[in-house]
Amino acid sequence: MFCLTPIANSFSFSSIICKCKASLDTNTHALDAGYIRRAAHLADKSAGFTSPHPNFGCVIATPSGDVAGEGYLYAQGTSPAEVQAVTSAGERCRGATAYLNMEPGDCDGDSTAVSALLQGGVKRVVIGMRHPLQHFRGNAVRALRSQGLQVDLLGEDLTSKLIEDALKECILVNAPLICRASSRVPFSVLKYAMTLDGKIAASTGHAWWISSKKSRSLVFELRARSDAIIVGGNTVRRDNPRLTARHGGGHMPMRIVMSQSLDLPDEANLWDMTEVSTIVVTQRGARKSFQKLLASKGVEVVEFDILNPRDVMEYFHDRGYLSVFWECGGTLAASAISSGVIHKVYAFVAPKIIGGKNAPSPVGDLGMVEMSQAINLVDVCYEQIGPDMLVSGFLQPIPDMAPTIPSPEETFVVDPTVSPYDSRIIFFYKTWDPYGALSNFSPHPIEMPDENGDNVTWLSVEHYYQAQKFVGVDDTVVQDCLERIKSSKSPEEAARIGRSMQKQRPDLIRPDWDNMKIDVMYAALKCKFSTYPRLSSMLVSTAGSVLVEASPHDLFWGGGREGEGLNYLGRLLMKLRSEFVEESSSSSSESPSLAL
């Protein structure tokens with residue numbers, strides 16, 4: 001039902017496929033690939049239930065090739081797939097091979113899955129892919145190998161065309177988590193149904209029903225695989241949808257309405273909170289009276305200074321959403337595609353012709369004037385659903401899980417504690433990372449002097465950094481911006497305000513900003529780590545490691561998606577760490593010894 005075929009030309013596997021470390025014959029490769037694909041298909045059964053956790057599947061196979069047990073993580077807080085498979089296999093587990101679509105690591109500090117494999121007597125473990133989240137990545141592999149188990153990873157220890165295809169299926173089944181680990185937006189799928197002549201409704205707006213009942217049932221299942229469903233105001237006014245997943249299982253995704261003007265009906269199915277909640281995102285200040293009406297019905301309203309798909313998706317990324325299902329009209333669909341937030345498309349094509357010059361199409365104006373500008377889908381699948389044809393494919397590649405990072409040799413120049421030959425890499429990005437406190441977004445207030453020398457408290461390093469862009473500029477717009485940054489409730493909001501103003505009014509940025517921003521950031525970081533002893537201890541504890549700010553989109557402060565970034569935040573932290581280590585050493589050497 002769901003396309004799990006390889007992603008043709010969508011991304012290069014050159015960075016994750018290493019030289020073969022084990023020479024296995026074709027039959028063994030075929031067996032390993034087949035069981036890994038089975039584990040991936042098992043894992044896919046849990047899609048929509050396990051968020052924000054990955055989709056895990058496990059197959060236990062005896063030395064003779066028989067399946068002894070299998071399982072998958074079917075909901076949060078339930079028994080791990082590995083535990084289910086080992087329990088199912090019983091004594092047949094001893095000496096067997098366990099096949100996992102992904103490295104275990106569902107909860108930080110939880111070794112239940114690894115312990116189950118060890119206690120079950122498994123001799124060999126084959127893993128489809130390492131865990132996408134850096135603080136889990138490699139932990140289970142090391143733990144299993146330290147106990148004497150043979151652990152093979154697809155694309156690293158095992159390579160072949162069959163293995164590569166199986167690895168791609170493992171990546172596809174956890175594409176939402178990989179996207180979340182590598183970018184600031186959830187994995188987004190655009191779905192629409194159209195006639196053979198490309199219309200999503202008649203000229204009158206009537207659209208019930210374009211696709212068949214069988215196609216609509218599949219849509220319910222697709223909805224149930226997502227964390228949220230998003231529509232625009234036109235869809236609410238025209239169709240009055242419920243956006244439920246009533247035929248897709250027990251999971252009910254959140255409903256999101258995106259409307260700039262809030263020109264929405266007072267009564268609508270989406271305002272019924274009985275089954276599932278609704279969030280309305282809109283432009284700041286739009287129809288305050290209507291916002292109060294929605295609030296009285298239990299609908300959450302979120303305002304944005306400028307409403308656009310990119311900012312909305314970044315917001316829901318910060319709220320922890322892994323995947324979003326778009327069922328909007330052509331105007332919003334075009335805006336979402338242009339913003340680069342749509343990853344995959346499901347197009348249901350019905351064998352009907354409606355005609356009509358003014359009949360709407362599924363995607364509005366993208367500004368393209370030549371066919372050479374058309375967006376080509378990759379990994380295209382075709383499937384007949386009743387009388388309809390389902391065409392699906394990716395608009396953009398799934399991000400690479402293992403971007404390269406600046407070399408230790410380069411880092412040694414700024415921090416001599418890093419060994420060019422034997423060093424570990426510490427990635428940090430979000431505050432929920434194990435080393436999240438290294439981030440300039442961490443919630444640690446700092447006191448920094450203002451222009452008059454008076455100490456001013458800022459909620460985070462990011463608050464202070466964004467405000468410093470405008471210091472010394474005499475303008476009422478700047479003063480308002482500074483107040484908004486200072487009073488913003490989160491570093492994300494402060495960053496959004498500062499970046500937006502910098503983009504809209506570059507003339508208001510202080511003239512020496514490009515030369516000063518590194519010094520500004522360093523001063524704020526030094527204040528933060530000097531103020532909180534626990535943070536300075538944590539920073540010092542990383543001595544000998546390369547620190548990489550793993551933002552895939554920030555090429556100045558971050559490492560970039562493929563290691564092309566300058567990683568200045570990591571460099572500043574390593575410089576500061578070196579100073580702390582030196583100060584600690586000096587203090588120890590100057591301390592008088594005790595006479596005995």
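Just so it is clear, the structure is predicted and the values come from calculations on it, not from any experiment.

**Q** Whenever I open this one, the overall build of the protein chain confuses me. Can you help?
**A** From N to C terminus, the protein chain includes 18 helices and 18 strands. Relative to its full complement of 596 residues, the protein chain shows a buried share of 53%. Contacts in the protein chain between residues at least 24 apart in sequence constitute 71% of all its contacts with a sequence separation of at least 6. Approximately 26,900 Å² of the protein chain is accessible, and the part contributed by carbon and sulfur atoms is 51%.

**Q** Is there a simple way to explain the packing of helix α13 (residues 461-468) against helix α16 (residues 513-531) in this structure?
**A** Axis angle and axis distance: for two packed helices, these are the angle between their axes and the distance between the axes, and together they describe the pair. Two elements in contact, α13 and α16, have axes whose closest approach is 10 Å; the angle formed by their N-to-C orientations is 155°. Considering their axes alone, α13 and α16 lie roughly antiparallel with respect to each other. The chirality of how α13 crosses α16 is right-handed. Packed against α13, whose contacting residues are Val461, Tyr464, Tyr465 and Gln468, the element α16 presents Trp513, Lys517, Val520, Met521, Ala524, Leu525 and Lys528 at the interface.

**Q** What should I look at first to understand the pattern of salt bridges in this one?
**A** A side chain with one charge may pair with a side chain of the opposite charge, provided their charged atoms come close. Taken as a whole, this structure holds 21 salt bridges when the rule is applied. Residues arginine 37 and glutamate 169 are paired through a salt bridge, measuring 2.5 Å at the closest nitrogen-oxygen approach. On the criterion of sequence distance, the pair formed by arginine 37 in helix α1 (residues 26-44) and glutamate 169 in helix α5 (residues 161-173) is long-range, its members being 132 residues apart. Exposure remark for glutamate 169: the relative accessible area of 2% places this residue in the buried category. Each of Asp32, Arg124 and Asp152 takes part in a single network of salt bridges with overlapping partners.

**Q** Help me understand the nonpolar core, please; the structure alone is not making it clear to me.
**A** Soluble, globular proteins show a tendency: their nonpolar side chains are buried together. With 82 residues, the main nonpolar core has Ile60, Val125 and Trp271 as its most contacted residues. Every residue in contact with valine 125, bar those within four places of it in the chain, is listed here: Ala98, Leu100, Leu117, Leu144, Leu149, Gln150, Val151 and Asp152. By size, the runner-up hydrophobic cluster in this structure holds 45 residues, among which are Phe428, Tyr522, Met538 and Leu572.

**Q** Just checking my understanding: could you explain helix α9 (residues 288-296) for this structure?
**A** Each turn of an α-helix holds 3.6 residues, which means side chains three or four residues apart point in the same direction. Within the span of α9, buried status applies to Phe290, Gln291 and Leu294. Looking straight down α9, one finds that the buried residues subtend no more than 105° of arc, so they occupy a single side. Among the exposed residues of α9, those oriented more than 90 degrees off its buried face are Ser289, Lys292 and Ser296. Buried residues along α9 sit in contact with β9 (278-283) and β10 (300-304).

**Q** Got a minute to help me understand the side chain of serine 46 in this structure?
**A** Here serine 46 lies in the loop between α1 and β1 (57-61). Of the polar contacts made by the side chain of serine 46, one reaches the backbone oxygen of alanine 43; its length is 2.8 Å. With residues near it in sequence (within four places) discarded, serine 46 still touches Asn55, Phe56, Tyr72, Leu73 and Tyr74.

**Q** What exactly am I supposed to notice about a nonpolar patch on the surface here?
**A** Taken together, Leu377, Val380, Tyr382 and Met389 make up a surface patch of nonpolar side chains, about 360 Å² in accessible area. As for its position among the elements, methionine 389 is in strand β14 (residues 388-394). When its relative accessible area of 33% is taken as the criterion, methionine 389 is described as partly exposed.

**Q** It is not clear to me how the pairing of strand β4 (residues 124-127) should be interpreted in this structure. Could you clarify?
**A** Here β4 shows no split at all, with Arg124 and Val126 on one side and Val125 and Ile127 on the other all buried. Here strand β3 (residues 97-100) runs beside β4; their pairing, made up of four bridges, is parallel. Residue pairing in the sheet places threonine 97 in a bridge with arginine 124 of β4. The pairing of β4 with strand β5 (residues 150-153) spans four bridges and is classified as parallel. Bridged to valine 125 within β5 is valine 151.

Calculation notes
- Residues numbered from 1 in each chain as written.
- Predicted model: local features only at pLDDT ≥ 70, side-chain atom pairs only at ≥ 80, totals over all residues.
- Heavy atoms only, no water.
- Helix = DSSP H or I, 4+ residues; strand = E, 2+ residues; numbered from the N terminus.
- Buried < 20%, exposed > 50% of the residue type's maximum accessible area, 1.4 Å probe, protein only.
- Contact = heavy atoms within 4.5 Å.
- Areas by Shrake-Rupley, 256 points an atom, 1.4 Å probe, with all protein chains shown as cover.
- Axes fitted to C-alpha atoms, helices over the stretch in contact; angles between N-to-C directions.
- Parallel < 35°, antiparallel > 145°, perpendicular 65-115°, else oblique.
- Left-handed = near helix turned anticlockwise from the far one by under 90°.
- Salt bridge = Lys/Arg side-chain N within 4 Å of Asp/Glu carboxyl O.
- Core = buried A, V, L, I, M, F, W, Y, C linked by side-chain atoms within 4.5 Å.
- Arc of directions from axis to C-beta.
- Polar contact = N/O pair within 3.5 Å; in protein donor to acceptor, adjacent residues only side chain to side chain.
- Patch = residues over 30% accessible without salt bridge, like charges linked within 9 Å, V, L, I, M, F, W, Y side chains within 5 Å.
- Pairing = 2+ DSSP bridges.

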